[in-house]
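# Secondary and tertiary structure notes
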Amino acid sequence: MATETPSFKREMLSTLPSLRAFAVSLTGKHDKADDLVQDTVMKAWAKQSSFEMGTNIKAWLFTILRNEFYSQMRKRGREVQDSDGAFTERLSVHPSQYGAMDLEDFKKALSQLPDDQREAIILIGASGFSYEEAADICDCAVGTMKSRVSRARSRLQEMLKVSGESDYGPDALSTQVTTTNHSF
């Protein structure tokens, strides 16, 4: 009798009972476990080219199942149960057009800065570089970089007519509309 070469499908199918038992131990519910096993099999089937035949398929599938379980748990942690619509009813958002207009104003003001100041504020403020890293990139002293950023910030505040924190975000009227007290 000749020995048959194991196929991916056959190897995967032979692990299903163990996968299901592991899924039940993670989820605590048979229906959710079945869904988890199905998701695992679908992912494994789609990625079978990354599996090397002859290695431990059971460990590979268990890893996929475990990762899928934790991904689903993280996703559920971000979801809000609102079957009666009470939470949704109380939601309100500030109109987005103000933010879009503010962004256009900022882009226009940024383009009017001298090149060295614009470069400095983008490296520090938008790209997240430290003053030292930005100074190295621009081949200048750290003090020069700090001065450029300070002048750029002051100039942007002047061009955008920003004097404090109250100048950011929605205006007073919009805030009243979107922060209505919904206590029952």
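Structure: above.
All chains use their own residue numbering, which begins from 1 and follows the written sequence. Totals for whole chains, interfaces and linings use every residue, but because this is a predicted model, local features are given only for residues with pLDDT of at least 70 and side-chain atom pairs only at 80 or more, for both listing and counting. To get the side-chain values, all heavy atoms of the structure are used, and hydrogens and water are removed first.

The rule is short: rings of Phe, Tyr and Trp, with Trp giving its six-membered ring, pair when the centres are within 6.5 Å, and they are stacked under 30 degrees, edge-to-face over 60, tilted in between. Across all of its chains, the model carries 6 aromatic pairs by this definition. Ring geometry for Phe22 against Phe62: centres 4.9 Å apart, planes inclined by 25°, an arrangement best described as stacked. Linking Phe22 in helix α1 (residues 8-27) with Phe62 in helix α3 (residues 57-78), this pair joins segments that are 40 residues apart in sequence. Burial classes follow relative accessibility: with a 1.4 Å probe on protein chains only, a residue under 20% of its type's maximum area counts as buried, one over 50% as exposed, and anything between as partly exposed. In this structure Phe22 comes out as partly exposed when scored by relative accessible area, which is 23%. Feature note: the residues Phe8, Trp45, Phe51 and Trp60 constitute an aromatic cluster, connected by ring pairs. A run of H or I in DSSP counts as a helix once it spans at least four residues, and a run of E counts as a strand once it spans at least two, with each numbered from the N terminus.

A few words on helix α2 (residues 30-46). Since the α-helix packs 3.6 residues into each turn, any two residues three or four apart lie on the same face. Its 17 residues give α2 an end-to-end C-alpha distance of 24 Å, which sits within 8% of 24 Å, the value for a rise of 1.5 Å per residue. Along α2, the positions that sit buried rather than exposed are Ala33, Leu36, Val37, Thr40 and Ala44. Looking straight down α2, one finds that the buried residues subtend no more than 100° of arc, so they occupy a single side. With respect to the buried face of α2, the exposed residues turned more than 90 degrees away are Met42 and Ala46. Here the expected span of a helix is defined as 1.5 Å times the quantity of residues minus one. An arc is given here, and it is the one of the directions from the helix axis to the C-beta atoms.

Treat this as a map of the structure, not an account of what it does.
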